[in-house]
Amino acid sequence: MVIYADNAATTAMSAKAKAAMQPYFDTIYGNPSSLHSVGQKAKEAIVDARRRMAAILNCEEKEIIFTSGGSEADNQAIVSAARIGSRAGKKHIISTAFEHHAVLHTLEALEKEGYDVTYLDVHEDGIISAKQVREALRDDTCLVTVMYANNEIGTVQPISEIGEICREKGVIFHSDAVQAVGHLNIDVQAQHIDMLSLSAHKFHGPKGIGALYVRKGIRLSNLIYGGAQERGKRAGTENIPAIMGMVTALEEAVATLDEDAKKTAALRDRIISGIEKIPHCVLNGDPVQRLPGNISFCFEGIEGESLLLLLDDRGVCASSGSACTSGSLDPSHVLLAIGRPHEIAHGSLRLSIDKSLSEEESEKIIAAVTEVVSTLRNMSPVWRDLQNGKRSFVIE
């Protein structure tokens, strides 16, 4: 039996989402830009989906732009705010050191164009404060972009407080909410969010579809030129089956959100308590202010990649904070941002669970992680040196 504990990477599509998509492959397959009846039925579906998503986020229908996913939404939001700022002579942006690469790489590109970006330091608990944002604001700040919840360590940021400060100062506030939508209660009006990115495959919808909420009055810059789809701001024939699957999955997620979050968080805490019994390991991020299904640990004396492979052999699918790029191992920028040393960041594990996990499976995860960590440490010369006192432990 395989235990899937990598929901932060992607989720299984729900049966309701798949069923909602099927008619738009078989019968309502027209191009929504066509004037004939088949095309107009397809157009009606998009209008309906936009209305349903707007109701969930508490915004107007015309404030929703459908995209190919969270990365595109992040890019369009950030570039648009930067262009707005530039026209007003404002080229300063505030973000954090542990954003998703869709945000960080976009900001790096803007820096090459002459924008000045302040990357806020992240506290060891994985949370930035609204005070940090306020103190970083300048007269030429055009954008604050802070992720709603971190994709690796799961910490949830004080979005409402940050949004209130930005609204008070007249600065556009964007949040990458890819990990949060469908898992946390979000109200873009109450939280003073000007732009918000989401992706369907993080809440049991299809891959390759997402959305960008853009508050009325903010002028979007195009990333894709061509037709007049999405109010002329995102050219290309709409992926209607995916759009319908996305909004159905989101409605399904929010219908039982509080109940599911409570159940998932209880399992999360159970797994955390079990893993914390392993010597010389540390939980990454605040134990309470985190996503209901996120569990992130660092283990001293092992490598994350070996940990993942051996867990997979034991039927547990997980991920690591480390990434292998071009054949060389780089530690997670998120773990480095919260102060984990390089050698500790390499030994990381992220488990991301959802409501489908059983108590029995949670115990199997604890047992598998405990066994694999012990096995790897027994094989490790680094661990031997730590045990013999030739090296000092970093994690007590």
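Scroll up to find the structure this text is about.
The notes below deal with the structure included here. (Residues numbered from 1 in each chain as written. Predicted model: local features only at pLDDT ≥ 70, side-chain atom pairs only at ≥ 80, totals over all residues. Heavy atoms only, no water.)

1. Observations concerning the overall build of the protein
Part 1 of the reasoning: Within the protein one finds 14 helices and 14 strands.
Part 2 of the reasoning: Its C-alpha atoms give the protein principal-axis dimensions of about 75 × 50 × 40 Å.
Part 3 of the reasoning: Buried positions account for 56% of the 396 residues belonging to the protein.
Part 4 of the reasoning: Considering only intrachain contacts with a sequence separation of at least 6, the fraction spanning at least 24 residues in the protein is 72%. (Helix = DSSP H or I, 4+ residues; strand = E, 2+ residues; numbered from the N terminus. Buried < 20%, exposed > 50% of the residue type's maximum accessible area, 1.4 Å probe, protein only. Contact = heavy atoms within 4.5 Å.)

2. Examining the packing of helix H9 (residues 257-275) against helix H13 (residues 359-379)
Part 1 of the reasoning: Between H9 and H13, the least distance of the axes is 9 Å, while the angle of their chain directions is 25 degrees. As summarised for this structure, H9 and H13 are arranged roughly parallel, according to the angle between their axes. The interaxial crossing formed by H9 with H13 has right-handed handedness. Taking contact as the criterion, the partners of Leu267, Arg270, Ile271, Gly274 and Ile275 in H9 are, on H13, Glu359, Ser362, Glu363, Ile365, Ile366 and Val369.
Part 2 of the reasoning: Across the contact of H9 with H13, the residue classes break down as 6 nonpolar, 2 polar and 3 charged. (Axes fitted to C-alpha atoms, helices over the stretch in contact; angles between N-to-C directions. Parallel < 35°, antiparallel > 145°, perpendicular 65-115°, else oblique. Left-handed = near helix turned anticlockwise from the far one by under 90°. Nonpolar A, V, L, I, M, F, W, Y, C, P; charged D, E, K, R; others polar.)

3. Overview of helix H4 (residues 70-87)
Part 1 of the reasoning: Given a rise of 1.5 Å per residue, 18 residues ought to cover 26 Å, and the 26 Å separating the end C-alpha atoms of H4 matches this to within 8%.
Part 2 of the reasoning: Within H4 the residues assigned to the buried category are Gly70, Glu72, Ala73, Asp74, Gln76, Ala77, Ile78, Val79, Ser80, Ala81, Ala82 and Gly85.
Part 3 of the reasoning: One or two residues past the end of H4 sits Gly89, with phi positive at roughly 75 degrees. (Expected span 1.5 Å × (residues − 1).)

4. Section: the sheet that holds strand S14 (residues 348-352)
Part 1 of the reasoning: If you walk across this open sheet you meet the 3 strands as S9-S10-S14, and the pairing is antiparallel. The open sheet has two edge strands with one neighbour each: strand S9 (281-283) and S14. Within this sheet the neighbouring strands show an average axis-to-axis angle of 20 degrees, counted without direction.
Part 2 of the reasoning: Against the sheet, H9 touches S9, strand S10 (294-299) and S14, its axis set at about 10 degrees to S10. (Pairing = 2+ DSSP bridges.)

5. What to know about the sheet that holds strand S2 (residues 64-67)
Think of a sheet as strands paired side by side through backbone hydrogen bonds, with each pair either parallel or antiparallel.
Part 1 of the reasoning: Reading across the sheet, the 7 strands line up as S2-S8-S7-S6-S5-S3-S4 and stay open at both edges, with mixed pairing between neighbours. Looking along the sheet, the strands with just one partner apiece sit at the ends: S2 and strand S4 (116-120). Neighbour-to-neighbour, the strand axes of this sheet turn through a mean angle of 20 degrees, independent of strand direction.

6. Details of the pairing of S10
Part 1 of the reasoning: The buried count for S10 comes to 6 of 6 residues, which makes it a mostly enclosed element.
Part 2 of the reasoning: The pairing of S9 with S10 spans 3 bridges and is antiparallel. Note that in S10 the partner of Cys281 across the bridge is Phe299.
Part 3 of the reasoning: With 5 bridges connecting them, S10 and S14 associate as antiparallel partners. Each residue of the ladder has a partner; that of Ile295, found in S14, is Leu351.

7. Considerations on the pattern of salt bridges
Oppositely charged side chains can pair when the atoms bearing their charge come close.
Part 1 of the reasoning: If you walk through the whole model with that rule in mind, you get 23 salt bridges.
Part 2 of the reasoning: With a closest N to O distance of 3.1 Å, Glu113 and Arg83 form a salt bridge. Of this pair, Glu113 sits in the loop between helix H5 (101-112) and S4 while Arg83 is found in helix H4, placing the two residues 30 residues apart along the sequence.
Part 3 of the reasoning: In this structure Arg83 comes out as partly exposed when scored by relative accessible area, which is 27%.
Part 4 of the reasoning: Residue Glu135 pairs with Lys131 through a salt bridge whose shortest N-O separation is 3.9 Å. With Glu135 and Lys131 both in helix H6 (residues 130-136), this residue pair falls 4 residues apart, about one helical turn.
Part 5 of the reasoning: Residue Glu135 is classed as exposed on the basis of its relative accessible area, which comes to 58%.
Part 6 of the reasoning: Given the relative accessible area of 57%, Lys131 is considered exposed. (Salt bridge = Lys/Arg side-chain N within 4 Å of Asp/Glu carboxyl O.)

8. Quick notes on the packing of helix H10 (residues 304-313) against H13
Part 1 of the reasoning: Where H10 contacts H13, the axes come no closer than 10 Å and their chain directions differ by 130 degrees. As the angle between them shows, H10 and H13 are arranged oblique. Handedness of the H10/H13 crossing: right-handed. From H10, Ser306, Leu307, Leu310 and Leu311 reach across to H13, where they touch Ala368, Val369, Val372, Val373, Thr375 and Leu376.

9. Quick word on the side chain of Arg350
Part 1 of the reasoning: Relative to the elements of secondary structure, Arg350 occurs in strand S14.
Part 2 of the reasoning: When its relative accessible area of 11% is taken as the criterion, Arg350 is described as buried.
Part 3 of the reasoning: Reaching out from Arg350, the side chain makes a polar contact with the backbone oxygen of Asn151 at a distance of 2.6 Å.
Part 4 of the reasoning: Discounting chain neighbours no more than four positions away, the residues touching Arg350 are Ala5, Asp6, Ala8, Ala9, Asn151, Glu152, Asn294, Ile295, Ser296, Ala318, Ser319 and Ser320. (Polar contact = N/O pair within 3.5 Å; in protein donor to acceptor, adjacent residues only side chain to side chain.)

10. Concerning the pairing of S4
Part 1 of the reasoning: When strand S3 (residues 92-96) meets S4, the two strands line up parallel, connected through 5 bridges. Bridging from a neighbouring strand, Ile93 pairs with Val117 of S4.
Part 2 of the reasoning: For the handedness criterion, the β-α-β arrangement of S3, H5 and S4 is classed as right-handed. (Right-handed = clockwise from strand over helix to strand, strands pointing away.)

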